[in-house]
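Spelled out from the first residue to the last, the chains are:
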Amino acid sequence: MSAAIIDGKGFAETLRARVADKVQDFVADAGRQPGLAVVLVGEDPASGVYVRSKGRATEAAGMASFTHRLPADTSQDILLSLVRRLNADPMVDGILVQLPLPQQIDENAVIATIDPNKDVDGFHPVNAGRLASGLDGFVPCTPLGCVMLLKDRLGDLSGKDAVVIGRSNIVGKPMAQLLLAESCTVTIAHSRTRDLPALVRRADIVVAAVGRPEMVKADWIKPGATVIDVGINRVDAGDGKGRLVGDVTFDEVARVAGGITPVPGGVGPMTIAVLLRNTLVAAHRNAGIPLDRDAI
Ligand code: NAD
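Rules used in this analysis
Residues numbered from 1 in each chain as written. Predicted model: local features only at pLDDT ≥ 70, side-chain atom pairs only at ≥ 80, totals over all residues. Heavy atoms only, no water. Helix = DSSP H or I, 4+ residues; strand = E, 2+ residues; numbered from the N terminus. Rg over C-alpha atoms; globule rule 2.2 N^0.38 Å. Buried < 20%, exposed > 50% of the residue type's maximum accessible area, 1.4 Å probe, protein only. Areas by Shrake-Rupley, 256 points an atom, 1.4 Å probe, with all protein chains shown as cover. Lys, Arg positive; Asp, Glu negative; His and termini not counted. Charge placed at Lys NZ, Arg CZ, Asp CG, Glu CD. Patch = residues over 30% accessible without salt bridge, like charges linked within 9 Å, V, L, I, M, F, W, Y side chains within 5 Å. Salt bridge = Lys/Arg side-chain N within 4 Å of Asp/Glu carboxyl O. Core = buried A, V, L, I, M, F, W, Y, C linked by side-chain atoms within 4.5 Å. Domains from an automatic or database assignment. Contact = heavy atoms within 4.5 Å. Axes fitted to C-alpha atoms, helices over the stretch in contact; angles between N-to-C directions. Left-handed = near helix turned anticlockwise from the far one by under 90°. Nonpolar A, V, L, I, M, F, W, Y, C, P; charged D, E, K, R; others polar. Near = heavy atom within 4 Å. Polar contact = N/O pair within 3.5 Å; in protein donor to acceptor, adjacent residues only side chain to side chain.

(A) Highlighting the overall build of the chain. When its secondary structure is counted, the chain shows 10 helices and 11 strands. What you see for the chain is a C-alpha radius of gyration of 19 Å, in line with the 19 Å of a compact globule of 296 residues. Here the chain holds 296 residues, and the buried ones make up 50% of them. Accessible surface computed for the chain: about 13,600 Å², of which carbon and sulfur atoms make up 50%. Distance from the positive charge centre (32 side chains) to the negative charge centre (34 side chains) of the chain: 2 Å.

Given below as structure tokens:
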């Protein structure tokens, strides 16, 4: 194996510790904790696990965690009125509505109702627009975590060829915007892209955010390229529980790449760490207290 393993878990722990330090300063200045409200609608088991781990991480960082669990048959009106209440609640700095939502609820309507200044997930169209325009706003946690890992490994990303596989609003598109802001030459590939292996082979940086187990193969990768694997896929391991794999065939790609994130332990832990960071930023903004973001 030649690639360096990019330790997202370790980086995320360090980031969470830095956030926890700054939370203490905030509490001393503002006289209250930063607050994150997480809303879960329905019983989706994976969403339940994410919401529990977000709540635990929020408290471990010294922030207040408000979890709202609503039944699967909740109407859109009821959910929107909860979001409006949270928008108006001065103890709540960040609001996250766990996706996916049950089919009777329009996700876009919910995201558009969250106050953009409390939108710590960065999914509101105002924040997407701010990112695309190079303005200050909230950036989706997973792609921001990927850029942090890339800069930590590579330093200046300027001029590098980057291929992002996937064009979702949550990962692919904001990832491409962030890499563009770092002056990479960015290509976004998707399900209609022709000859994906040839395209990926040109890249110094490959970000795979597709949701297809082990799709990216070693012969797609330019030797020495940096590979960020966002995919989280549960595959049959013959034990009834399954095992997690990414969108990249890890063992074979690691023989060619210069650096690669593992699954699990790569991008995944960064998502929650960046969520805490975004909540800390929101709290400072809402309280009118300056924050040196380069220090976190
Ligand atoms: P999505 O389903 O919304 O988007 C997938 C994208 O992949 C689409 O844009 C589609 O065009 C593209 N695609 C599909 N098949 C393709 C193909 N054969 N070739 C090229 N492109 C193809 O998914 P998403 O929400 O962006 O998530 C992607 C993956 O990342 C999933 O596995 C998800 O579980 C994972 N994820 C991980 C984290 C994390 O914290 N690590 C966070 C969000 C998503």
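(B) Structural detail: a nonpolar patch on the surface. A surface patch of nonpolar side chains, about 260 Å² in accessible area, is lined by Tyr50, Ile232 and Leu244. In this structure, Tyr50 sits in helix H2 (residues 45–60).

(C) Seen up close, the pattern of salt bridges. On inspection of all chains with the given rule, the structure shows 6 salt bridges. Here Asp136 and Arg293 are joined by a salt bridge, their closest N and O atoms 2.9 Å apart. Note that Asp136 is positioned in the loop between helix H5 (125–133) and helix H6 (141–154) and Arg293 in the segment after helix H10 (267–287), a separation of 157 residues in sequence. The exposure class assigned to Arg293 is partly exposed, which follows from its relative accessible area of 28%. A cluster of three or more residues bridged by salt bridges with shared partners is formed by Asp136, Arg285 and Arg293.

(D) Spotlight on the nonpolar core. Counting residues in hydrophobic clusters, the biggest one holds 50 residues, and the most contacted among them are Met175, Leu179, Val207, Ile228, Val230 and Met270. Breaking this core down by element, the ones donating at least two residues are helix H1 (8–30), strand S2 (35–41), H2, H6, strand S5 (161–165), helix H7 (172–181), strand S7 (205–208) and H10. Residue contributions to this core reach at least three from each of two domains, namely domain 1 (31–115) and domain 2 (141–268). For Met270, the contacting residues outside a window of four places in its chain are Gly8, Phe11, Ala12, Leu15, Gly145, Met148 and Leu149. Grouped together as the second largest cluster of nonpolar side chains are 21 residues, Ala208, Val216, Trp220 and Ala225 included.

(E) Here's a closer look at the packing of H6 against H7. Relative to each other, H6 and H7 sit at 35°, their axes nearing to 9 Å. Note on packing geometry: the crossing formed by H6 with H7 is right-handed. On H7, the residues that touch Pro143, Leu144, Cys146, Val147 and Leu150 of H6 are Pro174, Met175, Leu178 and Leu179. Of the residues that constitute the contact of H6 with H7, the class distribution is 9 nonpolar, no polar and no charged.

(F) Expanded view of the site of the ligand. Neighbouring residues of the ligand: 21 residues in total, closest Arg167, Ser168, His190, Arg212 and Thr271. Within the backbone of Arg167, an N or O atom sits 2.8 Å from an oxygen atom of the ligand. With respect to the ligand, the backbone of Ile232 contributes an N or O atom lying 3.1 Å from an oxygen atom. When the free accessible area of the ligand is taken as 860 Å², the share hidden by the protein chains comes to 71%. Across the shell around the ligand, the residue classes break down as 9 nonpolar, 10 polar and 2 charged.

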